[in-house]
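The residues making up each chain are set out below.
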Amino acid sequence: MERRRLKTALVARGHTQALIDGSVRPRSCDFAFEEVPAIIQAFRRMVRGLEFDVAELAVTTYICARAHGKPFTAIPVFPMRAFHHGAILHHTGSGIRTPKDLEGRRVGVNRGYTVTTGVWARGILQHQYGVDLNSITWVLSGDEHVAEWRPPVNVVSIEPGKKMEDMLISGEIAAAIGVHGDSPDVKPLIPNAAAAGLDALRSRGLYPINHTVVVKNELLREHRDLAGDIYDAFAEARRLYIARLTAGIDSPSPDDVFFRRVMDITGDPLPYGVEPNRQMLEAVIRQSAEQGIIAQPLSVEELFPEI
């Protein structure tokens, strides 16, 4: 019997490479990978056109999409994680000395308000530094993947013809999240950001999830074992990668170095499954509600099927 081929969008990383090169395959199907120049293009194509059977997707895009009834469901696989203390830059001449000084100011956000880095970075400002997010005017450089979503009143679009980086460098906006400002006047708002991220992991278990993997609902309905089958393949590719990471990788990539540092703290740099990630999943759902991305919180169980 011919195996099903599932059109798939996935970034090649150490822990997904075995899936992409075919050395690890699901039991019941094959991934038919489509090369996408930038994975955010696949996010939009999946949300707006359901163009893939299986797709990597930003976790807050997924939460927003599910709140708007998009017909796909995530499996509890999280192929990208990051710390976000370093995502917030400020103009040194804008009078910003501490995160609280952002209150009442205009702060840029790269691309859309629902972008995952922005959600986690704003959560850090709110929950770690006591910033009133509603007092800030958030200026966006792009639009949202979920076209039906409507922003809170304090979220506005950039003026036509302007660039977020230029506005930050000139001081027209006090700070920005997720942009690069090549200027001596632009500095990280939170000093020693990498160390701050690792400290938050040690002290509070803060290990933000950036991406998950979604599957079309029609496929999950037709093939009841498909979610578990795909999950097991991702888990096996992850197992092989962690074994290499433990043994020591020659010429490690920045990802390898990052995951090795996390592994030294937690023992597992890439936890999959709901329960090992419940704290972070509940946090990103709660922050999505707090920031006006979803009208009401969803439960973790609503977002992930039983595996």
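Residues numbered from 1 in each chain as written. Predicted model: local features only at pLDDT ≥ 70, side-chain atom pairs only at ≥ 80, totals over all residues. Heavy atoms only, no water.

Peer 1: With reference to specific residues and values, describe the packing of aromatic side chains.
Peer 2: Going through the model one piece at a time under the given rule, you end up with eleven aromatic pairs. Between Tyr113 and Trp149 the ring centres are 5.8 Å apart and the planes differ by 15°, which places this aromatic pair in the stacked class. In this pair, Tyr113 is assigned in the loop between β6 (106-109) and α4 (116-129) and Trp149 in the loop between β7 (137-140) and β8 (155-157), connecting sequence segments 36 residues apart. Taking relative accessible area as the criterion, Tyr113 reaches 3% and is therefore assigned buried. Among the aromatic residues, ring-to-ring pairing joins Phe83, Tyr207, Tyr241, Phe258 and Phe259 into one connected group. Over the aromatic face of Tyr207 sits the side chain of Arg81, whose NZ or CZ is 4.2 Å from the ring centroid. Taking NZ or CZ as reference, Arg238 lies 5.6 Å from the ring centre of Tyr272, over its face. (Phe/Tyr/Trp six-rings, centres within 6.5 Å; stacked < 30°, edge-to-face > 60°. Helix = DSSP H or I, 4+ residues; strand = E, 2+ residues; numbered from the N terminus. Buried < 20%, exposed > 50% of the residue type's maximum accessible area, 1.4 Å probe, protein only. Lys NZ or Arg CZ within 6 Å of the ring centre and 35° of its normal.)

Peer 1: Please provide a residue-by-residue account of the sheet that holds strand β1 (residues 4-9), values included.
Peer 2: Pairing in this open sheet of five strands is mixed, and the strands run β2-β1-β3-β11-β4 from one edge to the other. Each edge of the open sheet carries a strand with a single partner, namely β2 (29-33) and β4 (72-81). Averaged over all adjacent pairs, the angle separating strand axes in this sheet is 30°, with direction ignored. Here β1 pairs with β2 via five bridges, running parallel. Of the residues in β2, the one forming a bridge with Thr8 is Phe33. Where helix α8 (residues 226-247) meets the sheet, it contacts β1, β2, β3 (54-58), β4 and β11 (209-216), and its direction lies at approximately 10° from that of β4. (Pairing = 2+ DSSP bridges. Axes fitted to C-alpha atoms, helices over the stretch in contact; angles between N-to-C directions. Contact = heavy atoms within 4.5 Å.)

Peer 1: Describe unusual backbone geometry, with residues and values.
Peer 2: A positive phi angle is found at Leu50, which is not glycine, with a value near 50°. Inspection of the secondary structure puts Leu50 in the loop between α2 (39-49) and β3.

Peer 1: Report on the pattern of salt bridges, specifying residues and quantitative values.
Peer 2: The tally for this structure, following the rule as stated, stands at 22 salt bridges. The salt bridge involving Asp264 is made with Arg260; its shortest N-O contact spans 2.9 Å. Residue Asp264 and its partner Arg260 are located together in helix α9 (residues 254-266), separated by four residues, close to a single helical turn. Asp264 gets classed as exposed once you look at its relative accessible area, which sits at 55%. Residues joined by salt bridges that share partners form a network here, namely Lys7, Glu34, Arg45 and Glu51. (Salt bridge = Lys/Arg side-chain N within 4 Å of Asp/Glu carboxyl O.)

Peer 1: Quick one: what's the story with the pairing of β4, residue by residue and with numbers?
Peer 2: When you tally the buried positions in β4, you get nine out of ten residues, the bulk of the element. Looking at chain direction, β4 and β11 are connected through six bridges and run antiparallel. Bridge pairing in β11 places Arg81 opposite Ile209.

Peer 1: Report on the nonpolar core, specifying residues and quantitative values.
Peer 2: If you look at the biggest cluster of nonpolar residues, it comprises 60 residues, and the most contacted ones within it are Phe72, Leu102, Leu125, Trp138, Val214 and Phe304. Among all residues touching Leu125, those that are not within four sequence positions of it are Ile88, Pro99, Leu102, Gly130, Val131, Leu133, Trp138 and Leu189. In this structure, Leu10, Leu220, Tyr231 and Phe259 belong to the second largest nonpolar core, which totals 33 residues. (Core = buried A, V, L, I, M, F, W, Y, C linked by side-chain atoms within 4.5 Å.)

Peer 1: I'd like a rundown of α2, residues and numbers included.
Peer 2: Considered for burial, the residues of α2 that qualify are Ile39, Ala42, Phe43, Met46 and Val47. End-on view of α2: buried residues confined to an arc of 125°, all on one side of the axis. Looking at the buried positions of α2, the neighbouring elements they touch are β1, β3, α3 (59-67), β4 and β11. Phi turns positive one or two residues past the end of α2, at Leu50, with a value near 50°. (Arc of directions from axis to C-beta.)

Peer 1: Could you give me a rundown of the packing of α4 against helix α10 (residues 278-290), with the residues and numbers involved?
Peer 2: One way to put it is that α4 packs onto α10 with a least axis distance of 10 Å and a crossing angle of 85°. Comparing the axis directions of α4 and α10 gives the class roughly perpendicular. Residues Val119, Trp120, Gly123, Gln126 and His127 of α4 touch α10, and the partners they reach there are Met280, Ala283, Val284, Gln287, Ser288 and Glu290. A class-by-class count of the residues in the contact of α4 with α10 yields five nonpolar, five polar and one charged. (Parallel < 35°, antiparallel > 145°, perpendicular 65-115°, else oblique. Nonpolar A, V, L, I, M, F, W, Y, C, P; charged D, E, K, R; others polar.)

Peer 1: I'd love a proper account of the pairing of strand β5 (residues 88-91), names of residues and values included.
Peer 2: Regular strands have side chains that alternate between both faces of the sheet. Alternating residues of β5 divide into Ile88 and His90 and Leu89 and His91, and every residue in both groups is buried. Where β5 and strand β10 (residues 186-188) come together, three bridges link them in antiparallel fashion. Bridge pairing in β10 links His90 to Lys187.

Peer 1: So what about α8? Which residues, and what values?
Peer 2: For an α-helix, the turn length of 3.6 residues means that residues three or four places apart are oriented alike. A rise of 1.5 Å per residue sets the reference length of α8, with its 22 residues, at 32 Å; its end C-alpha atoms lie 32 Å apart and thus fit the reference within 8%. Of the residues flanking the end of α8, it is Gly248, one or two places downstream, whose phi is positive at about 105°. (Expected span 1.5 Å × (residues − 1).)

By themselves these figures say nothing about function.
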